[in-house]
Amino acid sequence: MAEQLFSTGEFAKRANVTVRTIHYYEKKGLIRPEKISDSGYRYYGQREFARLQRILTLKLLGFSLEEIREFSLNENDRDFLQRSFAMQLSLVRKKIEHLKAVEESIQNVSGMFAKNDVPDWDEITKLIRIINMDGDLVEQYKNGKNIDARITLHSRCSSNPQSWFSWIYEQMNLAPEMKVLELGCGSGMLWKENQKKIPAGCHILLTDISSGMLEDTKKNLSGSCLAKFSYEVMDCCDIRSEAAAYDKVVANFLLFYLRDIKKAVTEISRVMKPGGTFICATYGEHHMQEVEELVKEFNPKIQLSAVRLYENFGLENGEALLSQFFDRVEKREYPDELRVTDIDLLADYIMSCHGNQREYLVPEYEKFKAFLRGKLKKKGYIRITKQAGMFIAGAVRK
């Protein structure tokens, strides 16, 4: 049975939008006609209603049209629509949670005036903070999506049978009753993967600068565990803890993002107990170098990162920086390489980077994936160098 098609006017009327809106979204590449007649009339199929619904939902949630366009990059995938609706549902639920928090805070502030003519400015400040958290939804989703893309590529394509998070955990040497601080915990994968290994009585404070990311971490760690987790939004340059509070401090791929690394390390050394340990992961100058070479070959204008992060804090220079604060600094490298056989995983990883690749790759995404498939055919896999590791620092300098 042939699919029913709708003219531009019919499509706009059924969707309760203007014809001008349909034309605009088509010009942006967000929707496309199923058929164009010889006389130039455009006709749209049922799938375009799903695309339009996605556009309107994501706009409501605060995403720009350019960001929405990126959600359509893999829509030829058979399961794309199902994943799209699941993503939208998750975002809408987070929006609802945020609005409920705003509602509760407004009720609290309003209730004050029934009891007292003098407002509680702390409560009003709290309300302002909650309202401003709304913008975090978009950023948190993008950051979480990018983190997931990187973790997925490494977990599925690594040659080392021991996962990165298992290796990191092994180096920590946790003992019962220890107090642990993780800075920039992301989605909490370090602890989710190793929950059953954590000794009894450990208290672990997980911090991140993103409140939305911490909410995801709470959900990821909602299962039973012998450790006690707590969560706090925190800037690692301003650690709100008393001195000598923690046996272990962990920073997994964090320091090289900071504007003032020395200030952060000063804070870290302050909150470490005598005999405590700082576990700090980073990577070296050759890490993932073939990915940079691939995108440069496709388009020399692409830069996957505006800053060479390993120059800020990497395996080559990290020891010198940490030695200003600690008497003992040891470097340990994680032996691994990637052998990529799934082009979608590699493309998702590349799109997750911090550079200008979206500007050049989104308009030519299918052409870029064809380029990657050509590279894959030569050997049956694409080899990518990994140069990741950590510094273990102890004995704070007096």
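S.K.: Just to check I follow, could you spell out the overall build of the protein chain for this structure?
M.R.: Along the backbone of the protein chain there are 17 helices and twelve strands. Expressed as a percentage of its 398 residues, the buried residues of the protein chain come to 48%. Within the structure as shown, the protein chain displays about 21,200 Å² of accessible surface, and the carbon and sulfur contribution to it stands at 51%.

S.K.: How should I be thinking about the sheet that holds strand β7 (residues 246-252) in this particular structure?
M.R.: Sheet strands line up and pair through hydrogen bonds in the backbone, either parallel or antiparallel. Sheet architecture is open: seven strands sit in the order β6-β5-β4-β7-β8-β12-β9, paired in mixed fashion. One side of each edge strand has no neighbouring strand; the edge strands of this open sheet are β6 (228-233) and β9 (326-334). Within this sheet the neighbouring strands show an average axis-to-axis angle of 20 degrees, counted without direction. Sheet analysis places strand β4 (residues 179-183) next to strand β5 (residues 203-208), joined by four bridges and oriented parallel. Considered in β5, the bridge of E182 is made with L206. Most of the contacts of helix α10 (residues 211-220) go to β6, to which it runs at about 165 degrees, and overall it touches β5 and β6. Packing against the sheet, helix α11 (residues 261-271) makes contact with β4, β7, β8 (272-283), β9 and β12 (388-396), and its axis sits at approximately 145 degrees to β8.

S.K.: How should a negative patch on the surface be read in this particular structure?
M.R.: On the surface, E285, E311, E316 and E333 cluster together into a negatively charged patch. Within the secondary structure, E333 is located in strand β9. Taking relative accessible area as the criterion, E333 reaches 42% and is therefore assigned partly exposed.

S.K.: For this particular structure, what's the right way to read the nonpolar core?
M.R.: Side chains that are nonpolar tend, in soluble globular proteins, to be buried together. One finds M172, W191 and F278 to be the most contacted residues of the largest nonpolar core, which totals 62 residues. Among all residues touching W191, those that are not within four sequence positions of it are Y169, M172, L174, V180, E182, I198, I204, L206, L221 and F229. Core analysis: the next-biggest nonpolar cluster, separate from the first, contains 28 residues, I302, V340, Y365 and F368 among them.

S.K.: It is not clear to me how the packing of aromatic side chains should be interpreted in this structure. Could you clarify?
M.R.: The description of an aromatic ring pair rests on the distance of the ring centres and on the angle between the ring planes. Across all of its chains, the model carries 18 aromatic pairs by this definition. Ring centres of Y24 and Y25 lie 6.2 Å apart, and the angle between their planes is 45 degrees; this geometry places the pair in the tilted category. Over the aromatic face of Y246 sits the side chain of K179, whose NZ or CZ is 5.4 Å from the ring centroid.

S.K.: I would appreciate a short explanation of the pairing of β5 in the present structure.
M.R.: Counted residue by residue, β5 has five buried out of six residues, so it is predominantly covered. Looking at chain direction, β5 and β6 are connected through six bridges and run parallel. By the bridge assignment for β6, I204 is matched with F229.

S.K.: I'm lost on the sheet that holds strand β3 (residues 42-44) in this one. Help?
M.R.: Strand order across the open sheet formed by three strands is β1-β3-β2, with antiparallel pairing between neighbours. The open sheet terminates on both sides in strands that have one partner only, identified here as β1 (6-7) and β2 (35-36). Both β1 and β3 contribute to a ladder of two bridges, which runs antiparallel. Across the sheet, S7 pairs through a bridge with Y43, a residue of β3.

S.K.: For this particular structure, what's the right way to read the pattern of salt bridges?
M.R.: Any two side chains of opposite charge can pair, so long as their charged atoms come close to each other. Scanning all chains against the criterion turns up 13 salt bridges. E297 is paired through a salt bridge with K375; the nearest N and O atoms lie 2.7 Å apart. Here E297, found in helix α12 (residues 289-298), pairs with K375, found in helix α17 (residues 365-379); they are 78 residues apart in sequence, far enough to count as distant. Classification of E297 as partly exposed rests on a relative accessible area of 48%. Given a relative accessible area of 18%, K375 falls into the buried group. Taking the shortest distance from any N to any O, the salt bridge between E330 and R332 comes out at 3.0 Å.

Cut-off values and rules
- Residues numbered from 1 in each chain as written.
- Predicted model: local features only at pLDDT ≥ 70, side-chain atom pairs only at ≥ 80, totals over all residues.
- Heavy atoms only, no water.
- Helix = DSSP H or I, 4+ residues; strand = E, 2+ residues; numbered from the N terminus.
- Buried < 20%, exposed > 50% of the residue type's maximum accessible area, 1.4 Å probe, protein only.
- Areas by Shrake-Rupley, 256 points an atom, 1.4 Å probe, with all protein chains shown as cover.
- Pairing = 2+ DSSP bridges.
- Axes fitted to C-alpha atoms, helices over the stretch in contact; angles between N-to-C directions.
- Contact = heavy atoms within 4.5 Å.
- Patch = residues over 30% accessible without salt bridge, like charges linked within 9 Å, V, L, I, M, F, W, Y side chains within 5 Å.
- Salt bridge = Lys/Arg side-chain N within 4 Å of Asp/Glu carboxyl O.
- Lys, Arg positive; Asp, Glu negative; His and termini not counted.
- Charge placed at Lys NZ, Arg CZ, Asp CG, Glu CD.
- Core = buried A, V, L, I, M, F, W, Y, C linked by side-chain atoms within 4.5 Å.
- Phe/Tyr/Trp six-rings, centres within 6.5 Å; stacked < 30°, edge-to-face > 60°.
- Lys NZ or Arg CZ within 6 Å of the ring centre and 35° of its normal.

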